[in-house]
Amino acid sequence: MKKAVFLDRDGTVCEESNYLSNAEDLRVFPFASEAILLLKENGFLAILITNQSGIGRKFFDEKTLEKIHEKLQNELAEKLDAIYFCPHIAEDACNCRKPKTQMIEQAAADFNIDLSQSWMIGDKAIDSETGFNAGIKTALVLTGYGKAEIEKLEKKPDLIAENLLEAARLISER
């Protein structure tokens with residue numbers, strides 16, 4: 001079985017953007033590619049999981065999201081092993097929207113992932129909750145909403161890092 005790091009997108013891999021709806025507005029953090037490469041060198045799959053309620057709100061469509069993710073993959077030199085997204089709004093009560101775990105469960109099935117050896121990294125309490133719900137280790141990064149989210153955490157993540165690169169280094173050392 002493989003181990004994986006599940007990555008939130010906005011605020012973790014790229015700059016937070018309220019309902020990013022144009023690939024030209026995507027700003028990948030300069031350290032993201034190095035961080036993902038480090039994780040992969042240490043045997044982790046790198047899988048992006050992201051809530052994209054902008055689709056459910058009709059701010060943009062899946063084709064637009066596909067273009068954004070194509071640009072993201074290009075900027076990361078194709079380092080992400082997969083991208084899973086939830087297009088629903090909270091009121092839809094779906095099973096894929098974080099903090100529910102369907103995206104992680106689907107990736108685990110698709111890639112034969114050992115969740116006991118895996119991590120969730122994100123900048124929001126909801127990302128940590130997703131990791132807790134999936135039974136995986138969690139890391140909160142202080143980029144994006146991270147600094148403001150610390151106070152919202154009911155349960156402390158396994159680690160708190162300045163950014164994705166620091167989180168990747170700390171995870172790789174374990």
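Look above for the structure.
Residues numbered from 1 in each chain as written. Predicted model: local features only at pLDDT ≥ 70, side-chain atom pairs only at ≥ 80, totals over all residues. Heavy atoms only, no water.

It is worth spelling out the pattern of salt bridges at this point. A complete count under the given rule lists seven salt bridges for this structure. In this structure, E75 engages K71 in a salt bridge whose closest nitrogen and oxygen atoms are separated by 3.7 Å. With E75 and K71 both in helix α3 (residues 62–75) and four residues apart, this pair spans about one turn of that helix. Residue classification places E75 among the partly exposed positions, given a relative accessible area of 38%. With a relative accessible area of 21%, K71 lands in the partly exposed category. Residues K98 and D127 are paired through a salt bridge, measuring 2.7 Å at the closest nitrogen-oxygen approach. Of this pair, K98 sits in the loop between β3 (82–86) and α4 (102–111) while D127 sits in helix α5 (residues 125–134), placing them 29 residues apart in sequence. Accessibility assignment for this pair places K98 and D127 in one class, buried. Members of the salt-bridge network, linked through shared partners, are D8, K98 and D127. (Salt bridge = Lys/Arg side-chain N within 4 Å of Asp/Glu carboxyl O. Helix = DSSP H or I, 4+ residues; strand = E, 2+ residues; numbered from the N terminus. Buried < 20%, exposed > 50% of the residue type's maximum accessible area, 1.4 Å probe, protein only.)

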